[in-house]
Amino acid sequence: MSTRLSLFNSPLLLGFDQFERTLDRIAKSSAEGYPPYNIEQIGDDGLRITLAVAGFTNDDLSVQIEDNQLVIRGRQQDDRSRVYLHRGIAARQFQRSFVLAEGIEVVGATLDNGLLNIDLKRPMPEPKVRTIKIERPTAQGDEAAGPRTIDVAPDRSEG
């Protein structure tokens, strides 16, 4: 039996179990090698994922968002009317997934010269600061339930 060491096992990291499951899913799917892809930064808030899908048509490809994952699938159909003397380019299928951070939007997808470009927009985070008021519990008959002044002057009665 092996014990798994978690990066999120600290009591200071609360609510990160979904993030940890996402990292596990990414680690398992990183062995996929086809199709090759690039991820580019486009401007301040844009990303572009480019997949090399030579031989695929628009009808062979699908781009979907499932939960927080961008899933690209490709499936080529064999042309039964062709007679191959040598077949070095096989009709194949693939599925490539990318986990999207919260707020990432898919702007669009284009297929051009064997490259599938998927444009994403990353919203710029707005800094959020919220002050939490600290209140004291009030006991019945407690005269000090209201504001108090603390005297920090040295006690001069000694001496």
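The following paragraphs examine the structure supplied in this document. Only a predicted model underlies this, so the values are computations on that prediction, with no experimental measurement involved.

1. Examining the overall build of the protein chain
- Scanning the protein chain from N- to C-terminus turns up one helix and seven strands.
- Starting at the N terminus, the α and β elements of the protein chain follow one another as α-β-β-β-β-β-β-β.
- Burial statistics for the protein chain: of 159 residues in total, 18% are counted as buried.
- Taking all contacts inside the protein chain whose residues are at least 6 apart in sequence as the whole, residues at least 24 apart take part in 47%.
- Accessible area for the protein chain stands at about 13,700 Å²; split by element, carbon and sulfur atoms hold 51% of it.

2. Description of the pairing of strand β2 (residues 46-52)
- Of all seven residues making up β2, five are buried, and the element is well covered by its neighbours.
- Hairpin connection between strand β1 (residues 37-42) and β2: a loop of three residues separates the two successive antiparallel strands, and G43 in this loop has a positive phi of roughly 70 degrees.
- Summarising the sheet, β2 and strand β7 (residues 115-121) pair through seven bridges and their orientation is antiparallel. The residue bridging L51 from the neighbouring strand is L116, located in β7.

3. Digging into the sheet that holds strand β5 (residues 93-99)
- As summarised here, the arrangement of the three strands in space is β3-β4-β5, forming an open sheet in which the pairing is antiparallel. Edge positions in the sheet fall to β3 (61-66) and β5, since each has one partner strand and no second. Neighbour-to-neighbour, the strand axes of the sheet open up by a mean angle of 15 degrees, direction not taken into account.
- Where strand β4 (residues 69-75) meets β5, seven bridges bridge the pair, whose relative direction is antiparallel. In the sheet register, R75 faces β5, and the bridge partner there is Q93.

4. Quick notes on the environment of V53
- Positionally, V53 belongs in the loop between β2 and β3.
- Note on V53: relative accessible area 0%, which makes it buried.
- If sequence neighbours within four positions are ignored, V53 has contacts with P35, L61, F94, L111, G114, L115 and L116.

The rules behind the values
Residues numbered from 1 in each chain as written. Predicted model: local features only at pLDDT ≥ 70, side-chain atom pairs only at ≥ 80, totals over all residues. Heavy atoms only, no water. Helix = DSSP H or I, 4+ residues; strand = E, 2+ residues; numbered from the N terminus. Buried < 20%, exposed > 50% of the residue type's maximum accessible area, 1.4 Å probe, protein only. Contact = heavy atoms within 4.5 Å. Areas by Shrake-Rupley, 256 points an atom, 1.4 Å probe, with all protein chains shown as cover. Pairing = 2+ DSSP bridges. Axes fitted to C-alpha atoms, helices over the stretch in contact; angles between N-to-C directions.

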